[in-house]
Amino acid sequence: MVEYVFDGRKLKKRSGQREGELEGNIVKDWNGKQVGEISGKDIKDSQGKKVLSFDGKSIKDDTGKKLATIEEIRKVVDGQAGIHLAAMWYFFVWK
């Protein structure tokens, strides 16, 4: 069962509680603090360090280890597949 819903901008729990949001390529938590950034096919943390890469199907950490596929993420987070969904999953669901 899907636990989270991502509408392309905001990530919410099924209960409606807001977890985070996307402003352009900046990922922010529920109170507006920047937690990450999307840069091309890489996802960086708030200090600018690369933490993930996304090839369209799978998400790999900075060492190249596969964390999940987009299909696995969509079992937990309902939303359009892509790097934005992967970033929201990483910062608010998986972490």
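Residues numbered from 1 in each chain as written. Predicted model: local features only at pLDDT ≥ 70, side-chain atom pairs only at ≥ 80, totals over all residues. Heavy atoms only, no water.

**Student:** Where do I start with the environment of Glu23 in this structure?
**Tutor:** Structurally, the position occupied by Glu23 is in strand S3 (residues 18-23). Sequence separation between Glu23 and Glu37 is 14 residues; the distance between their C-alpha atoms is 9.6 Å. Contact partners of Glu23, with chain neighbours within four places excluded, come to Arg9 and Lys28. (Helix = DSSP H or I, 4+ residues; strand = E, 2+ residues; numbered from the N terminus. Contact = heavy atoms within 4.5 Å.)

**Student:** I tried to follow the packing of aromatic side chains on my own but got confused; where do I start?
**Tutor:** When we look at a pair of aromatic rings, we describe it by the centre distance and by the angle of the planes. Tallying each qualifying case throughout the model produces 3 aromatic pairs. Taking 6.0 Å as the distance between ring centres and 35 degrees as the angle between the ring planes, the aromatic pair formed by Trp89 and Trp94 counts as tilted. Given a relative accessible area of 45%, Trp94 falls into the partly exposed group. Relative to Phe91, the ring of Tyr90 has its centre 5.0 Å away and its plane inclined at 75 degrees; by these criteria the two rings are edge-to-face. Taken individually, Tyr90 and Phe91 each receive the classification buried, so the pair is uniform in this respect. By way of ring pairs, the aromatic residues Trp89, Tyr90, Phe91 and Trp94 are connected into one cluster. (Phe/Tyr/Trp six-rings, centres within 6.5 Å; stacked < 30°, edge-to-face > 60°. Buried < 20%, exposed > 50% of the residue type's maximum accessible area, 1.4 Å probe, protein only.)

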